[in-house]
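Here's the letter readout for the chains.
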Amino acid sequence: MSAVANPATVAECLRMGAGFSQGDRNWIVEQFGTLDARLAAFHADATELEVSVKDREARGQKVTLECWIAGRQKIVTTSTEEDLRAALNDARDDLRRKLNDSKTRQEPRHNKHIREMAAPPAPAPLPDLDADDAPRVDAETV
């Protein structure tokens, strides 16, 4: 269960920018549905998404997906894939990676994940050597 009272979802937070109409919204929300699990850690009223496309269906089209989350830097992802659906998926996947990176950077260093990681093995202790057993070291060096 999420610790956030009103978790963010794509359907609730997505705005349609330039190049898209409200008629495109449903299928884009469907394409971005896999982001819901990642956005659920944030409050819906503090999260915004905007998708836009420049030169839609043209050879040089560019899809931009922007994400604003209160207390964090704005995240912008872009794709220049020629197929609109592929471009949306590319921008979505890049946003998911950047959200994961952002979360990792903001977590405290002494979190459970780090504590559970195995510590490197300690070096083996050196054997006790008596004066008679100590290896001989010549004073003269070359």
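Further up the page is the structure itself.
A brief report on the enclosed structure follows. (Residues numbered from 1 in each chain as written. Predicted model: local features only at pLDDT ≥ 70, side-chain atom pairs only at ≥ 80, totals over all residues. Heavy atoms only, no water.)

## Looking at the sheet that holds strand β4 (residues 75-79)
Right, on to step 1. Strand order in the open sheet made by the four strands is β1-β2-β3-β4, with mixed pairing throughout. At either margin of the open sheet sits one strand with a lone partner, and together these are β1 (14-16) and β4. Neighbour-to-neighbour, the strand axes of the sheet open up by a mean angle of 20 degrees, direction not taken into account.
Right, on to step 2. Looking at chain direction, strand β2 (residues 47-54) and strand β3 (residues 62-69) are connected through eight bridges and run antiparallel. Bridge pairing in β3 links S52 to T64. (Pairing = 2+ DSSP bridges. Helix = DSSP H or I, 4+ residues; strand = E, 2+ residues; numbered from the N terminus. Axes fitted to C-alpha atoms, helices over the stretch in contact; angles between N-to-C directions.)

## Things to note about the environment of L95
Right, on to step 1. Looking at the element boundaries, L95 is found in helix α4 (residues 84-106).
Right, on to step 2. The exposure class assigned to L95 is buried, which follows from its relative accessible area of 0%.
Right, on to step 3. Remark: the alpha-carbon pair of L95 and L65, spanning 30 residues in sequence, is separated by 7.7 Å.
Right, on to step 4. Once residues within four sequence positions are removed from consideration, L95 is found in contact with L35, L49, L65, C67, I75 and T77. (Buried < 20%, exposed > 50% of the residue type's maximum accessible area, 1.4 Å probe, protein only. Contact = heavy atoms within 4.5 Å.)

## Quick word on unusual backbone geometry
Right, on to step 1. Located in the positive-phi region is D55, a residue other than glycine, with phi close to 55 degrees.
Right, on to step 2. Take D55: its relative accessible area is 46%, and that puts it in the partly exposed class.

## Re the nonpolar core
Right, on to step 1. Ranked by internal contacts, the top residues of the largest apolar core, which has 27 residues, are L14, F32 and V51.
Right, on to step 2. For this core, the secondary structure elements donating two or more residues are α1 (10-13), β1, α2 (25-31), β2, β3 and α4.
Right, on to step 3. Of all the elements, α4 adds the most residues to this core, at six residues.
Right, on to step 4. Ignoring sequence-local partners within four residues, the contact set of V51 consists of L14, R15, M16, G17, F20, I28, F32, V63, T64, L65 and L88. (Core = buried A, V, L, I, M, F, W, Y, C linked by side-chain atoms within 4.5 Å.)

Treat this as a map of the structure, not an account of what it does.
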